[in-house]
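Architecture and fold: a report
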Number of protein chains: 4
Amino acid sequence: MPGRYAARLNAFKIGAGAYWPGRNRITALDLAERAATVDGLDAVDLNFPDHLVDTTPAEFKDRLATLGLALNGFAMRYYTNPGYKRGAFTHPDPTVRRAAIDETKRGIDAMRAMGGSLMTLWLGQDGFDTPFQADYGRLWDDEVAAIAEVAAHDRDVDVAIEYKPNEPRAFALLSDIGTTLLAIRDVGAPNLGVTIDFAHVLYADEMPAMAAALAAKHARLLGVHLNDGYAKRDDGLMVGAVHTVQTLELLVTLDRIGYDGAIYFDTFPDLVGLDPCAEAAANIETVELLRAAAARLKDDPALATAIAAQDAVSAHRLVQRAILGPR
Amino acid sequence: MPGRYAARLNAFKIGAGAYWPGRNRITALDLAERAATVDGLDAVDLNFPDHLVDTTPAEFKDRLATLGLALNGFAMRYYTNPGYKRGAFTHPDPTVRRAAIDETKRGIDAMRAMGGSLMTLWLGQDGFDTPFQADYGRLWDDEVAAIAEVAAHDRDVDVAIEYKPNEPRAFALLSDIGTTLLAIRDVGAPNLGVTIDFAHVLYADEMPAMAAALAAKHARLLGVHLNDGYAKRDDGLMVGAVHTVQTLELLVTLDRIGYDGAIYFDTFPDLVGLDPCAEAAANIETVELLRAAAARLKDDPALATAIAAQDAVSAHRLVQRAILGPR
Amino acid sequence: MPGRYAARLNAFKIGAGAYWPGRNRITALDLAERAATVDGLDAVDLNFPDHLVDTTPAEFKDRLATLGLALNGFAMRYYTNPGYKRGAFTHPDPTVRRAAIDETKRGIDAMRAMGGSLMTLWLGQDGFDTPFQADYGRLWDDEVAAIAEVAAHDRDVDVAIEYKPNEPRAFALLSDIGTTLLAIRDVGAPNLGVTIDFAHVLYADEMPAMAAALAAKHARLLGVHLNDGYAKRDDGLMVGAVHTVQTLELLVTLDRIGYDGAIYFDTFPDLVGLDPCAEAAANIETVELLRAAAARLKDDPALATAIAAQDAVSAHRLVQRAILGPR
Amino acid sequence: MPGRYAARLNAFKIGAGAYWPGRNRITALDLAERAATVDGLDAVDLNFPDHLVDTTPAEFKDRLATLGLALNGFAMRYYTNPGYKRGAFTHPDPTVRRAAIDETKRGIDAMRAMGGSLMTLWLGQDGFDTPFQADYGRLWDDEVAAIAEVAAHDRDVDVAIEYKPNEPRAFALLSDIGTTLLAIRDVGAPNLGVTIDFAHVLYADEMPAMAAALAAKHARLLGVHLNDGYAKRDDGLMVGAVHTVQTLELLVTLDRIGYDGAIYFDTFPDLVGLDPCAEAAANIETVELLRAAAARLKDDPALATAIAAQDAVSAHRLVQRAILGPR
């Protein structure tokens, strides 16, 4: 589904009192309905289990069809259970670890019931905080074994690992593209891949286009989250707010890789009280403008020549003109 | 001298063997001559004492006139003397500290002899590396007293403090805009101000336009160094390589402040072997393109309204269109 | 009150179900009661308004007396009101800004009613996220004017500014020691000072002992929050978890400055599910061990000589022996 | 050779005028002689080609024997050739790339002639600076192919990849433990492994003990460089200057892994003018003190229990007492 745009459903909770006056409880169905009002936003990702507590997969599937929204996939959320604070797949207590694995399988089943085929795992609880807190080798083995079990549960579902350097843990176990691809190799399942989140990549001190290229080379690039930030933490800013050129390079690279999944806006307008619909519309508009610039660059033989020679000055001039120049 | 562009003279050393075949020694006069070949580059900053070791102020002044280059000012370089490794104005040995102060005064005198009026002090040697290495109160007092003495040497010369978080020291004493303005207040001299370096500001975790605004509000903004980087260290990349929007915001702010000094490109093409003339030309072209975008934005009443309301979404859309939109 | 230890009251909410079985609502009085069970923990800071919603200052004062706890002071919390997401003292809407100022004055009055005299302001909502979002000069003026008004409300109350680089905003206005002291100078009130938080200082890229020394030199050091982290974000780890030497240097410096306020543990055991009482006890034990090492160092003439000469090697060896050596 | 200590030879150049009065040229043999005066320093690493330009492998081997120094290994230095500024194994020009590979093979041969068996590759030139400068897939393939060729040159020599996030390039290709192990897997040679440098690991945002554990698990840990820094850049500080607990955890982990190579002090006393012999002696003393603390911890069953449960508080208390407690 090339060109699909999805946005973080929870962002649409903000201003609920004004948007849904008199309502006591806002469900994920309501959030999807509000998201559907944004022109061009045509897909959603659901968090499991929280977005399905008030409904059934069947009801949600029908509602999405009515709203004209595609289901991009599911994302597991282990933070709804306080028991996962010290780890999901790497929790030291085998009972809690088992619960996390089984919950993930239930999530995969629920998604299949809705016709979806992409489960995103952000294993943010799996990590450590202080020196001498954990046996790193055991953490690694537990993580790899759990991912393997989850990936084996349904080979028709793609499982994407979304890495992030830290938060809530001081250190995440799968913190960057290298460790993520290493874990994926250790598992060795064909339905495993990577979701890159632009802001996570930046604060992992990586170049987004390189992370995408490495993911495609060593595994599969299954998801792309766009947003922006200052490369220090997960700021959740609007696309293009800071890193114009790196976002452009990523878009050109996605095209080259042949990525045809959705662009998901993982931004936090709610954090500072922005209108989530206007914010989503701004993200779509910016990506469309950047895609136009990407089209001006992608078949430029001068750019290809400059890149082959690692001639940074020539490449830079071509890129600056494609962004800022007369047209 | 609005609109003047200057570049780091030492960058023009690269490829000296090919540019000056058979020459054993390349002087600062040679570097200025090479810089003058760049279309639009019309000013130079000289490092003292190193750029004057092979010539006299009078000879250099004449040569600049011949080349059609203005003298933007001088910048002190304390690293030419190994004795300054542990500090210039804050060196624990009073003899070394005195030498640094006196050398600075000689630099001011030499600059005056060339008709200049802006001395930039990057006090990179003044700092510390490890806990328990220094008495911070004494460092501060020594720094403030030395700056005061240097500023008093010639009240017709503007003295600009260029801050930087670290390198070569693990911590610089004057590391960010706040401590720099605090020191300037402690000194209280009318001819003191600030030079902001875009990459330094980024890795001090500051917003460039805010640093410029604070400098203008609490002291005077005397110099602007443009370049780019990834906000982790002093990368010395070409203008616009990473931070398009923040560079644009800085240019709009400079215009609002009424900054009429030179734009100095403090970039390191030599570090990775780029052609310094092509690199300087790229910097000029990018700034000209950004200035055109700034002109599209500066009198936009919709942008003014958005900023007054801190309406990030509306401001963002206007900015993205000014950069990437049709025109 | 030298030697007093306080801890973050909200950390004691964790495990509430097991600690207070059958209880529906846990009040700040309950949290104080639980905190009082920690041996050596003898003071509390209350957040205003949230810690007083279930009780009156008079009742809380009595309860603290019964528990043998001193009131260290109050800390304003502007995040309880969704209206402050885009700013408290710098909110673009004058009505919201006025509400924040007035709420702070009510907090000061409530604290006075409980016999307290230290109000801590962490102005985390006052900042910005994206370029072109705000007029930095106006933000600064609004912040300074509001702090001035609050400080003038009751000259017998000390008002401490606690700076932090970011979070929840991408950039806080008062982000580091330099800008904080600059704002304090702009206000010019005698009852204004600084609270330093160890983890905030680290990720502001500052040396904790230098921040304390600068605060004492240019204003007053009114509060000290100990914790630890990796200098990238506000990790909230136990004291000593990472930065042994810098914590030690800070303790030596506090002694030299004559700081006699409480040590407040601003840690997040709740984030990862640690026992808050055991965690607080660990913090007290570590600080006591570090104070013993500080006592071994503070009057050592060899260390004084090394510091005067900025002789990092000699100072380092003395410090390593004081920490790790035989005794 | 368990327990061997080596230090950066080039650090011993500082103060050459005083140490070798009247000498015009200081050779690597001289540096080794000066290093040998440090009590406990019993091994050296040589940089190739620069440390062998004034002598032959045979002469150097004899001199080391006379001085009682073991040869720990060689480290390639590609920065002596200006041609490598834009890459060694990933240089866009096949001629330059071939020269880098061939020079590495000559280095391996020279080392073998001296009886050594460990070649360390820090591929700091292989990377990129700006978006759109390089084809990341080609960089990766060129790097992997060159490492494979070099590893195949002499299977009796261990080849260690020493990763570092950046500098001199804005981004290194092999920047962290994950990408390094991924490349090693792509090569698949039995004589390939990893050298971890404490300061590099810190500013790659990794936990040193975890990097060592992952290296041992997925390849082999062939070298350990100790030093310290502030996790922002390669500060080159003395061991223990900042990260006491993480250094201790690394030493405990090295023991558990069975690492029996040398500890190499990769510090920069020359950067700030410290006495290199006193600085090396300080590093040895600190590591010995930390090893004594490690011995107090390694067989503590309470610590093993705490780590198995990821009980950060209990582990922390045991560690703090082992460092700071009475004994």
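Residues numbered from 1 in each chain as written. Chains lettered and ligands numbered in written order. Predicted model: local features only at pLDDT ≥ 70, side-chain atom pairs only at ≥ 80, totals over all residues. Heavy atoms only, no water.

**Points about the overall build of chain A**
Within chain A, the regular secondary structure consists of 12 helices and 10 strands. Computed over its C-alpha atoms, the radius of gyration of chain A comes to 20 Å, within 12% of the 20 Å expected for a compact globule of 327 residues. Oriented by its inertia axes, the alpha-carbon framework of chain A measures out at about 60 × 50 × 35 Å. Here chain A, with 327 residues, has 67% of them falling under the buried criterion. Summing over all exposed atoms, chain A offers an accessible surface of approximately 10,200 Å²; the carbon and sulfur share of this is 51%. (Helix = DSSP H or I, 4+ residues; strand = E, 2+ residues; numbered from the N terminus. Rg over C-alpha atoms; globule rule 2.2 N^0.38 Å. Buried < 20%, exposed > 50% of the residue type's maximum accessible area, 1.4 Å probe, protein only. Areas by Shrake-Rupley, 256 points an atom, 1.4 Å probe, with all protein chains shown as cover.)

**Things to note about the packing of helix 8 (residues 208-218) of chain B against helix 9 (residues 244-257) of chain B**
All names here are of chain B. Remark: helix 8 packs on helix 9, axes separated minimally by 8 Å, with the N-to-C direction vectors making an angle of 20 degrees. It follows that helix 8 is roughly parallel to helix 9 by the angle criterion. Where helix 8 crosses over helix 9, the two elements pack in a sense that is right-handed. Side by side, helix 8 and helix 9 meet where Pro208, Ala209, Ala212, Ala213 and Ala216 of the first sit next to Gln246, Glu249, Leu250, Thr253, Leu254 and Ile257 of the second. A breakdown of the residues in the contact of helix 8 with helix 9 according to their chemical character gives 8 nonpolar, 2 polar and 1 charged. (Axes fitted to C-alpha atoms, helices over the stretch in contact; angles between N-to-C directions. Parallel < 35°, antiparallel > 145°, perpendicular 65-115°, else oblique. Left-handed = near helix turned anticlockwise from the far one by under 90°. Contact = heavy atoms within 4.5 Å. Nonpolar A, V, L, I, M, F, W, Y, C, P; charged D, E, K, R; others polar.)

**A look at the pairing of strand 8 (residues 192-197) of chain C**
Residue and element names in this part refer to chain C. Where burial is concerned, most of strand 8 is hidden: 6 out of the 6 residues are buried. Residues Leu192, Val194 and Ile196 line one face of strand 8 and the alternating positions Gly193, Thr195 and Asp197 line the opposite face, and both faces are buried. One ladder, built from 4 bridges, connects strand 8 with strand 9 (residues 221-226); its direction is parallel. When the bridges of strand 9 are listed, Val194 appears paired with Leu221. (Pairing = 2+ DSSP bridges.)

**Observations concerning the confidence of the model for chain A**
When pLDDT is averaged across chain A, the result is 96; 99% of the residues are at 70 or more. The ipTM for the predicted assembly is 0.97, set against a pTM of 0.98. (pLDDT = per-residue confidence, 0-100.)

**Here we look at the sheet that holds strand 4 (residues 118-121) of chain B**
All names here are of chain B. The 8 strands lie next to each other as 1-2-3-4-6-8-9-10, forming a closed barrel whose pairing is parallel. This sheet shows a mean twist of 30 degrees between the axes of neighbouring strands, independent of strand direction. The pairing of strand 1 (residues 5-7) with strand 2 (residues 43-48) spans 2 bridges and is classified as parallel. What sits directly across from Ala7, in strand 2, is Val44. Lying over the sheet, helix 8 contacts strand 8 (192-197) and strand 9 (221-226), oriented at roughly 175 degrees with respect to strand 8.

**Here we look at the packing of aromatic side chains**
Considering all chains together, one arrives at 32 aromatic pairs over all chains under this definition. Between the aromatic rings of Phe48 of chain A and Phe74 of chain A, the centroid separation amounts to 6.1 Å while the plane-to-plane angle is 25 degrees, which identifies the pairing as stacked. Pair noted here: Phe48 of chain A is in strand 2 (residues 43-48) and Phe74 of chain A is in strand 3 (residues 70-76), with a separation of 26 residues, a long-range link. Ring centres of Tyr78 of chain C and Tyr84 of chain C lie 5.8 Å apart, and the angle between their planes is 85 degrees; on these two criteria the pair is classed as edge-to-face. Comparing Tyr78 of chain C with Tyr84 of chain C shows no difference in burial state: the two are buried. The structure contains a cluster of three or more aromatic residues connected by ring pairs, namely Phe128, Tyr136 and Phe171 of chain A together with Tyr230 of chain C. The lysine or arginine in question, Arg34 of chain A, covers the ring of Tyr19 of chain A, its NZ or CZ lying 4.1 Å from the ring centre. (Phe/Tyr/Trp six-rings, centres within 6.5 Å; stacked < 30°, edge-to-face > 60°. Lys NZ or Arg CZ within 6 Å of the ring centre and 35° of its normal.)

**Let's talk about the relation of the copies chain C and chain A**
Superposition record for chain C on chain A: RMSD 0.0 Å, screw rotation 180 degrees, translation along axis 0.0 Å. In symmetry terms, the pair is related by a two-fold rotation axis. Of the C-alpha atoms belonging to chain C, the one lying closest to the rotation axis is found on Lys232 of chain C, 3.5 Å away. Interface residue correspondence from chain C to chain A reaches 100%, placing this contact among same-surface, isologous pairings. (Least-squares fit on C-alpha atoms with pLDDT ≥ 70 in both.)

**Quick look at the interface of chain D and chain A**
Accessible area lost when the parts come together is the quantity often used to give the size of an interface. Contact with chain D, which involves 54 residues of that partner, is made by 53 residues of chain A. A combined buried area of about 4,500 Å² lies between chain D and chain A, and 66% of that area is made up of carbon and sulfur atoms. Here chain D is connected to chain A by 4 salt bridges. Residues Arg185 of chain A and Asp186 of chain D are paired through a salt bridge, measuring 2.8 Å at the closest nitrogen-oxygen approach. Linking chain D with chain A are 18 residue pairs in polar contact (both at pLDDT 80 or more), by the criterion used here. Looking at the side of chain D that touches chain A, the elements with two or more residues in it are strand 5 (127-128), helix 5 (136-153), helix 6 (177-187), helix 8 (208-218), helix 9 (244-257), helix 11 (301-308) and helix 12 (312-324) of chain D. Of the residues belonging to the side of chain D that touches chain A, the class tally is 31 nonpolar, 11 polar and 12 charged. (Buried area = accessible area lost by both parts, 1.4 Å probe. Salt bridge = Lys/Arg side-chain N within 4 Å of Asp/Glu carboxyl O. Polar contact = N/O pair within 3.5 Å; in protein donor to acceptor, adjacent residues only side chain to side chain.)

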